[in-house]
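Remarks on the overall topology
Spelled out from the first residue to the last, the chains are:
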Amino acid sequence: MAAEGTVLKLGAGIRKHGFRKWYERELTRSHGHMALTFICMIGVLAAFEAASKDRGRVDQVIDVVAIFVCGVCGLWALRRYLSLLMHAEHVAHQANCPACGTYARFKLVRSDAQDERVLVCCRQCDHEWTIQG
């Protein structure tokens, strides 16, 4: 399952940055979305607090709109966080060489941009295997 809207596809990201940097970038991107989720939840709670005050009709409508916008943005950010995190973890679980067990020490042999598959070769034992994105 590929993360939607990924800036760099798996093969291109590994080719450009290496696996460890690609993985680090994916985790950083996902945790950025987690921070946005947290900020949106603070916005929802602040808007609820403001809406509970006895104020004019226009201010109450603005508070309801703020609750809705912060809620929708927060749900989108939470979905993106989980999607990016699951994608990175899915790929990371396949980074062990099946022959010798070495983790993330491989070179990219070939990548298939269509279905997010990369063929890699272990730097320690020269075993080749496929990582699915």
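Because the structure is predicted, anything quoted here is derived from the model rather than measured.

1. Some thoughts on the nonpolar core
In this structure, Leu10, Phe19, Trp22, Phe106, Trp129 and Ile131 are the most contacted members of the largest nonpolar core, which totals 17 residues. Breaking this core down by element, the ones donating at least two residues are helix 1 (10-17), helix 2 (19-51), helix 3 (57-92), strand 2 (117-122) and strand 3 (128-132). Non-local contacts of Leu10, meaning those with residues more than four positions away in its chain, are made with Trp22, Val91, Glu116, Val118, Ile131, Gln132 and Gly133.

2. With respect to helix 2
Over its 33 residues, helix 2 extends 48 Å from the first C-alpha to the last, a length consistent with the 48 Å expected when each residue adds 1.5 Å. Of the residues making up helix 2, those classed as buried are Phe19, Trp22, Tyr23, Glu26, Ser30, His33, Thr37, Cys40, Val44 and Ala47.

3. Considering the layout of surface pockets
Here the largest pocket is characterised by a volume of approximately 170 Å³. As for the largest pocket, its lining consists of Ile14, Gly18, Phe19, Arg20, Ala104, Arg105, Phe106, Lys107, Leu108 and Arg123. Considering each element in turn, the lining of the largest pocket owes the most residues, three residues, to strand 1 (residues 106-112). Across the lining of the largest pocket, the residue classes tally to five nonpolar, one polar and four charged.

4. Quick word on the sheet that holds strand 1
In sheet architecture, strand pairing relies on hydrogen bonds along the backbone and comes in two forms, parallel and antiparallel. Across the sheet, three strands lie side by side as 1-2-3; this open sheet has antiparallel pairing. This sheet does not close on itself; its edge strands, each paired only once, are strand 1 and strand 3. Here the average twist between neighbouring strands, direction ignored, is 30°. Both strand 1 and strand 2 contribute to a ladder of six bridges, which runs antiparallel. Among the inter-strand pairings, Lys107 is bridged to a residue of strand 2, identified as Cys121.

Reading guide: rules and limits
Residues numbered from 1 in each chain as written. Predicted model: local features only at pLDDT ≥ 70, side-chain atom pairs only at ≥ 80, totals over all residues. Heavy atoms only, no water. Core = buried A, V, L, I, M, F, W, Y, C linked by side-chain atoms within 4.5 Å. Buried < 20%, exposed > 50% of the residue type's maximum accessible area, 1.4 Å probe, protein only. Helix = DSSP H or I, 4+ residues; strand = E, 2+ residues; numbered from the N terminus. Contact = heavy atoms within 4.5 Å. Expected span 1.5 Å × (residues − 1). 1 Å grid on protein atoms, 1.4 Å probe; cavity = no way out; pocket = protein on both sides within 12 Å on 5 of 7 lines; lining within 4 Å. Points joined across faces, edges and corners; volume = space filled by probe spheres on them. Nonpolar A, V, L, I, M, F, W, Y, C, P; charged D, E, K, R; others polar. Pairing = 2+ DSSP bridges. Axes fitted to C-alpha atoms, helices over the stretch in contact; angles between N-to-C directions.

Everything listed is a geometric property; what it means functionally is a separate question.
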